Each structure stands twice: as C-alpha cells, then as structure tokens.
Amino acid sequence: MKQGIKRPGALLLLLLTLLLAVSGVSAGLIFRSSNSVAKYPSLIDATIDTLTAGLASKKFTSVDLVKAYLSRIAEVNETLHAVTEVNPDALIDAAKLDVERSAGSIRGPLHGIPLLIKNNIATNDRMNTTAGSWALVGAKVPRDATVVQKLRGAGAILLGKTNLSQWANYRSLNSSNGWSALGGQGYGPYFPNEDPWGSSSGNGIASALGLALGCLGTETDGSIIDPSSFNNLVGIKPTVGLTSRHLVIPVSEHQDTVGPMARTVKDAAYILQAIAGKDPRDNYTSAIPGGVLPDYVASCKLSALSGTRLGIPRNVISLRSDNTTGPMMEAFEKALGVLQAAGATIVEDTNFPAAAEFQISHLPTVILNADFVVNLESYLGSLTHNPRNITSLASLREFTRSFPLEDYPTRDTGLWDAALQGWNNTDPRFWPAYQQNLYYGDDGGVLGAIERNRLDAVILPSKFAADWAATVGSPIVTVPLGFYPAGVPVVKNSWNLVESAPNIPFGFSFLGAKFTEAKLIGMAYAFEQRTKVRDKVQPYIVPKTELSNVVGKYGVV
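Criteria and thresholds
Residues numbered from 1 in each chain as written. Predicted model: local features only at pLDDT ≥ 70, side-chain atom pairs only at ≥ 80, totals over all residues. Heavy atoms only, no water. Salt bridge = Lys/Arg side-chain N within 4 Å of Asp/Glu carboxyl O. Buried < 20%, exposed > 50% of the residue type's maximum accessible area, 1.4 Å probe, protein only. Helix = DSSP H or I, 4+ residues; strand = E, 2+ residues; numbered from the N terminus. Core = buried A, V, L, I, M, F, W, Y, C linked by side-chain atoms within 4.5 Å. Contact = heavy atoms within 4.5 Å. Phe/Tyr/Trp six-rings, centres within 6.5 Å; stacked < 30°, edge-to-face > 60°. Lys NZ or Arg CZ within 6 Å of the ring centre and 35° of its normal. Axes fitted to C-alpha atoms, helices over the stretch in contact; angles between N-to-C directions. Parallel < 35°, antiparallel > 145°, perpendicular 65-115°, else oblique. Left-handed = near helix turned anticlockwise from the far one by under 90°. Nonpolar A, V, L, I, M, F, W, Y, C, P; charged D, E, K, R; others polar.

Caption draft 1: The pattern of salt bridges, seen in detail. Throughout the structure, instances matching the rule amount to 17 salt bridges. For Arg152, the salt bridge is made with Asp144, and the minimal N-O distance between the two is 2.7 Å. Classification of Asp144 by relative accessible area gives buried; the value is 13%. Measuring nitrogen to oxygen at the nearest pair gives 3.7 Å for the salt bridge that ties Glu330 to Lys334. Residue Glu330 and its partner Lys334 are located together in helix 11 (residues 326-341), separated by four residues, close to a single helical turn. Residue Lys334 is classed as exposed on the basis of its relative accessible area of 59%. One network of salt bridges, in which partners are shared, links Asp125, Asp144 and Arg152.

This is the structure:
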C-alpha cells in the first residue's frame, strides 16, 4: 500500500468510533417517554411499522436508532465489508427529524428511519460516491440524485454508503461479486466466505443483518434480485422508468433501475413508494402510465394471489439448472402448492421461444457496452469537482490500470476493453441491434409469455429470473423461498467464495409486465405471509447491539 493512503476499513472504523463518542451532544432535548420500560424491537427483524410505533410512543428516538445501527456496522464490518462509508451527518439529521416529530410534524412512514444506499447513488453531502473506485474519491456532484432527494424529503436518514461489485459489476471479466477496490471483498452472512452476489452486495449483507432498516440498490441485470435472493431478502427491481436514475453512476440507460432491498415485502413497498415517480431530469420516467403511482403499500393484501394466473417457463428452468440448483427446484415445486391453495392457477410450459438463442447471444453485452461508453461520460461531465480529471471511459481505464489499489491486472478491465473497441449508442448500428435485443425479452421472452398466456406473472427460482427481464426493463419482485439443507456439498468459485453450502438462502421471483409493480408486490406479499421463510435460518454472524444497549447509554439526546 502506498504511503499516505489509508485502508478504507480502518478509516470507517475510526469515523464510527468518533461518531459514537460525540453523539451525546447531538440534540440537547429528551424525546423519550420518561416512564417507558420498553421492549425494543430486535433490529435484525424490525420493520418500518414497528420502528414507527416505537418512535411515536417515545420508547426511543431516531438518534437512538442511528447510534444502534452505527454500532452494529462497527461490530461486523471488518469481517464482512458491507459498508464503505458512514454519513458523518447522520446523527445531526436524526436529531432534526426527532425535533420535527416532537413538534407533531411527520413527513410519512419513513420519517426518522435509517437506510443505507449503494455507493453508486450520488449524494451532495460529505459522503463520496465512487462506484467502489479510487478514481472518484473526492468527486462532487451538483445535487443529490433524485431518488436521494425523495428519500430525504420523505424523512429517511441516510446512514451511509454500501459496498458493491465495483462499477456495478461492469469492469472486469474475471473479478468477484462484492469486491471493490475501495471497499474490499464483501462476504455474505450465512456461511463463512460466502459469495454475497451483486452488484448490490453490501445492500444484501447490511439488510440481512439489520445494519439499517433497508437499503436502496440498483440493477442492470440481476444486481438487486441476486443479492436479495442469496441474502434472504425481498428485492424489488422496478420497471426502467419508474424510478429516476439522475445522478446514479450508470451502466445502461436502457436497463438501469433503482429499487429497494429489505427484509419484508411491505418495507420494500414503503421505500419504493417514496422513490418512484416522474423526474424531468430522467425522460424515461415520462413513460409512467398517466404519471400517477399506485399505492404499493396498499397492495400488500393476503388475498392478492386469488384469481391470478402464474406461468412457468420450463425451458428456462431446463437451460439454467445445474448440479447446485436441486434444492432450489425442490423448494420451488413445493411452493406451487402454496400458490394454488391461495387461489392462483399455475400455467405450465409458458416457454420463452428465444431462450436458447438468448443464452448464447453476445448481443446483450454489446448493447450494454454501447450505452456505458456514452452514459458514463455524461455522468462524469456532470461532476462539479473531478480531482483526478476522469472524463471518459478511456481515462478511467488508464487510471485503473496505473493505480495500485485498483488491483489491476489481477482483476482486468475486460469489459471496458471491449466497450472501447466497439461502437456506442450514437452509432447507426445501435438501433437495429437494440431492437433484436428487445426481442429476447419481449415476443421471445417474458413479456411475450405473459401476453400469449394471459398471465399475471411468470414465476421462477430467483437465480434464473433476472436476465429475462433485463433487456426489456420489466419488473421483478423476489421473496425468500428456502435454504440449502444440511449435508449439501460446499461449492466454491475461482475466488474461493462459497456459492452453495448449508444454510445459504435462495429466493422465489415474480416477473411481470412493465409497470405492474403493484400486482407483483401484492402476490409477493401474499406468498411471503403464507410461507414465513426468512426466520427459519439465522446468519452465522449477527451483531449484538440492540436498542436496549443504546437508549440512555451515550449521554443526553
């Protein structure tokens, strides 16, 4: 390590220690009920409703919540590398929101609720937005990302930034899920050295362990669904255009989307409600039907599966099954009975005609490369301070190859190399290629299957789900389905990360037509409430700090 460059984990631990040490001067007023002997919610299981009830009854404050979550991060982050940076203003923000609450001003269900966001979602504050790269440390943006503005407006507290697969898994051909140069290698919490999946890897780890109430992630192809599935979470990958991507470090304008990762469907729905909607700075949001949002939280009904038609593309399952997916398929087949008992009709063999061709096609990567070159340059051009003068993919590649902490050439720049050698999305060859790529998800894929078979959704094990919705930007909701059983072989990848082993979770996905999130959320909620899978296995590592360890322990607030 170069002299003068400090290890990010050590800096984060120092900041956490300092924040907790000085937290006693954060507000100067007591907001807690003076005679309450509270039974506090467990933070690994807490929901927005339970935290809001505790805040409303003055059993604890938002400042207490921030202190507890910061302490939980400090307990496990040196082992799991979930969080790259904590917000130095989180306690101040919490105190202000406590003052508002005490004055009777409540912004909504997220008022005073701490969340973490992926480190490619820009904030115009004292935190960095880096995509996990040293190239953007110290860079500044002109304003918060629109989704961040919406979260702050809804009263959420931004607790910090989570680690991710660097550049949202769009740099290397030979890197690992959950690794970034800035944040190190993240690990899942259900088995030692577990692959956290990605690219919203830190989100998955943090939400699973209650390092925040939930997280905001991004997906181009699998980056919310996969880490949610393998970290025992609910993840909502919204339709492209439902949530703004303004000042989110991009991969592809045609596929990028921003969505929540949380422990329950209802919590994920609350967060989606807060961030969705039109944004003049992202013209894709103009496609929202009528410009009006459904009530996603109200969609969480136990009866939501009744009368639905759910299709299974068996050819996709055949293409994607391997020697590790047996337990997933066994759990999936058992889940069909749950769906039928809830009133759903299962429609077999709603196959994707283009599945086999799509499986071997290079076109999806060509489209992403074409977008990435242009979209990244646009983001870099929006920076108000760019200390390393990174203005294009070419200059970013040059920095990455020459800066030792970027771990090149051990982790290559293969995706960037291909993108720089090809054509971009301003080239006349792009549009016909893009139309062919759409076919894989439309008539040849998930949207065609939904339309032909009059389906409410397609259902798949979550490991098989993401690709089919990616090319057309259609939505997915994943919910916990099960866990690898005792006795299954431990399977590791080339980076020695464990991909399957006893107790590692996996999920069940509902894939829908564009802008059908309310319907998908309802079905996912009805399934979740009937299965209650999440609590059946606990992580092997769990932080011990709870609200009872914090309330009244760090001085007067």
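Caption draft 2: Spatial organisation of the nonpolar core. By size, the foremost hydrophobic cluster in this structure holds 171 residues, and its most contacted members are Leu151, Leu310, Leu339, Ile459, Phe508 and Phe510. With sequence-adjacent residues up to four places away left out, Leu339 is seen in contact with Leu305, Leu310, Ala344, Ile346, Ile459, Phe508, Phe510 and Phe527. Counting eight residues, the second largest nonpolar core, distinct from the first, contains Tyr190, Met261, Phe483 and Val537.

Caption draft 3: Representation of the packing of aromatic side chains. Across all of its chains, the model carries 18 aromatic pairs by this definition. On the numbers, 5.6 Å between centres and 45° between planes, the contact of Trp431 with Tyr434 is tilted. Placement of both Trp431 and Tyr434 in helix 16 (residues 430-441) is noted, with a separation of three residues, approximately one turn of the helix. An aromatic cluster is present here, built from Phe352, Phe358, Tyr439, Tyr440 and Trp468 joined pairwise through their rings. Of note, Arg388 hangs over the ring of Phe403, and the distance from its end group to the ring centre comes to 5.1 Å. Lying over the aromatic face of Trp495, Arg411 brings its terminal NZ or CZ to 3.8 Å of the ring centre.

Caption draft 4: Seen up close, the packing of helix 3 (residues 62-80) against helix 4 (residues 90-102). In the contact formed by helix 3 and helix 4, the axes pass within 8 Å of each other and the chain directions differ by 155°. With respect to helix 4, the axis of helix 3 lies roughly antiparallel. For the pair helix 3 and helix 4, the sense of crossing is right-handed. Along the contact surface, helix 3 presents Ser62, Val63, Val66 and Lys67, while helix 4 presents Ala90, Leu91, Ala94, Ala95 and Asp98. The residue makeup of the contact of helix 3 with helix 4, split by class, is six nonpolar, one polar and two charged.

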